[in-house]
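# Geometric and topological summary
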Amino acid sequence: MRPEQMTVVLTGACGGIGQVLARQLAASGANLYLCGTNAAALAGLQQELRAQVGADQFIEAQAVDLTDDQEVDRWLQSFDQARRPVNVLVNNAGICKFEMFENLSDRDIELMMNLNSVVPMKLTRKLLPGLKQQPEARVVNIASTFGAIGFPGYAVYSASKYAIRGFSQALRRELSDTGIRVGCILPRATRTAINTDRVVEMNRKLKVAMDPPEKVAAAVVRFVASSRGELALGWPEKLLVRLNSVFPALVGNAISKKLPVIKQYAA
Ligand SMILES: NC(=O)c1ccc[n+]([C@@H]2O[C@H](COP(=O)([O-])OP(=O)(O)OC[C@H]3O[C@@H](n4cnc5c(N)ncnc54)[C@H](OP(=O)(O)O)[C@@H]3O)[C@@H](O)[C@H]2O)c1
């Protein structure tokens, strides 16, 4: 689907990847329903994008706490007034807490699993009847390399991203006889606020490359426009994702050697 044919629901629109993604989608002609939790930042982004796009393109933005079902329902109902049928959903909002597992609270576990896995599933289900009415539609879930490689300090984040990746694969197969193409993209570490200074420092020490959000957003735009099922970003992460599915012990041994450094930064 070409971007100018898209009416996209994008969550996490004011985040590091989300705001660049919103700018790139708007610049390529897509109509946008944006959400985040920061009302002021969203209003600023909406104003900026509206000033750049043509008169026939629309940019709507709404502050929504995606963990609040009623807020989400009110937001989705507001789409009816705009009379622009949604044909693309990009589940981008997410949270991550880098910490050894035993130091996470029950609340941390619930929040990560909810926002990263349950919320995108609920949003997809709510939009599905409308998406089915479109000749072509696309659902893209933003997972992570850690949705294919379990990594110390990210046990729950990895679990949440494995969940959304498994969901994406099953739903892609379930909807393969419809016009909806479900995809899951796995960015590697990216320079955004989701990564604390500790994480950035650890990545430097472990020689883990971090992509600029512009590069990741551009890959997401191409992925959304395609009908691909899954894509891991970055080298050697692309290879490691494959290797981990075939020879997990090999990848596990290599990661275990990094454990003392990981523990040092998680402490
Ligand atoms: N950065 C990385 O290293 C990396 C790597 C792989 C995958 N990813 C994934 O990429 C996606 C975007 O991450 P990012 O790096 O751009 O992180 P980010 O800068 O922290 O942005 C996260 C976004 O999620 C939104 N959000 C958080 N809680 C929310 C809630 N309860 N309701 C609605 N929105 C909520 C935030 O909205 P507000 O700011 O308005 O609160 C923010 O826009 C995430 O799914 C992340 O897991 C990131």
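Data block above holds the structure.
Quick caveat, the model's predicted, so the values are computed rather than measured.

### Re the site of the ligand
- Of all residues adjacent to the ligand, which total 28 residues, the nearest are Gly-16, Thr-37, Asn-92, Tyr-157 and Thr-192.
- For the ligand, whose accessible area on its own is 900 Å², the fraction buried by protein is 87%.
- Among the secondary structure elements, those contributing two or more residues to the shell around the ligand are α1 (16–27) and α5 (155–174).

### Re the side chain of Thr-7
- Its place among the elements puts Thr-7 in strand β1 (residues 7–10).
- Within the local environment of Thr-7, its side chain forms a polar contact with the side chain of Asn-31, the two groups lying 3.4 Å apart.
- Sequence-distant contacts of Thr-7, defined by excluding residues within four places in its chain, comprise Asn-31, Tyr-33, Phe-58, Arg-84, Pro-85, Val-86, Asn-87 and Val-88.

### Regarding unusual backbone geometry
- Look at the link from Trp-235 to Pro-236: it is a cis peptide, with omega at 15°.
- With respect to the helices, strands and loops of the structure, Pro-236 is situated in the loop between β7 (230–232) and α8 (237–246).
- Of note in this structure, Lys-207 is not a glycine but carries a positive phi near 60°.
- Looking at Lys-207, the relative accessible area reads 75%, which means it is exposed.

### Topic: helix α2 (residues 39–52)
- For α2, built from 14 residues, the straight-helix expectation of 20 Å at 1.5 Å per residue is met to within 8% by its first-to-last C-alpha distance of 20 Å.
- The inward-facing, buried residues of α2 contact α1, β2 (31–36) and β3 (59–63).
- The N-terminus of α2 is capped by Asn-38, whose side-chain oxygen sits 3.2 Å from the backbone nitrogen of Ala-40.

### Description of helix α4 (residues 106–132)
- Spanning 27 residues, α4 covers 37 Å between terminal C-alpha atoms, matching the ideal 39 Å at 1.5 Å per step.
- For α4, the principal kink sits at Asn-114 and spans about 45°.
- Every buried residue of α4 is listed here: Asp-108, Met-112, Leu-115, Asn-116, Ser-117, Val-119, Pro-120, Leu-123, Thr-124, Leu-127, Leu-128 and Leu-131.

### Section: the sheet that holds β2
- The seven strands are arranged β3-β2-β1-β4-β5-β6-β7 in an open sheet whose pairing can be described as parallel. Every other strand in the sheet has two partners, leaving β3 and β7 as the edge strands with one partner each. Across the sheet, the mean angle separating the axes of adjacent strands is 15° when strand polarity is ignored.
- Bridge analysis of strand β4 (residues 88–91) against strand β5 (residues 137–142) gives four bridges, and the strand direction is parallel. Paired with Leu-89 across the strands is Val-139, a residue of β5.

### With respect to the pattern of salt bridges
- This model, assessed by the stated rule, comprises twelve salt bridges.
- A salt bridge links Lys-97 to Asp-108; the shortest N-O distance between them is 3.2 Å. With Lys-97 in the loop between β4 and α4 and Asp-108 in helix α4, this residue pair connects regions lying eleven residues apart in the sequence.
- The shortest N-O distance in the salt bridge between Arg-188 and Glu-237 comes to 3.1 Å. With a gap of 49 residues between them, Arg-188 in the loop between β6 (180–186) and α6 (197–206) and Glu-237 in helix α8 connect regions that are remote in the sequence.
- A relative accessible area of 12% places Arg-188 in the buried class.
- Each of Arg-188, Asp-211, Lys-215 and Glu-237 takes part in a single network of salt bridges with overlapping partners.

The rules behind each value
Residues numbered from 1 in each chain as written. Predicted model: local features only at pLDDT ≥ 70, side-chain atom pairs only at ≥ 80, totals over all residues. Heavy atoms only, no water. Near = heavy atom within 4 Å. Areas by Shrake-Rupley, 256 points an atom, 1.4 Å probe, with all protein chains shown as cover. Helix = DSSP H or I, 4+ residues; strand = E, 2+ residues; numbered from the N terminus. Polar contact = N/O pair within 3.5 Å; in protein donor to acceptor, adjacent residues only side chain to side chain. Contact = heavy atoms within 4.5 Å. Buried < 20%, exposed > 50% of the residue type's maximum accessible area, 1.4 Å probe, protein only. Expected span 1.5 Å × (residues − 1). Bend = angle between axes of the 7 residues up to and from the residue. Pairing = 2+ DSSP bridges. Axes fitted to C-alpha atoms, helices over the stretch in contact; angles between N-to-C directions. Salt bridge = Lys/Arg side-chain N within 4 Å of Asp/Glu carboxyl O.

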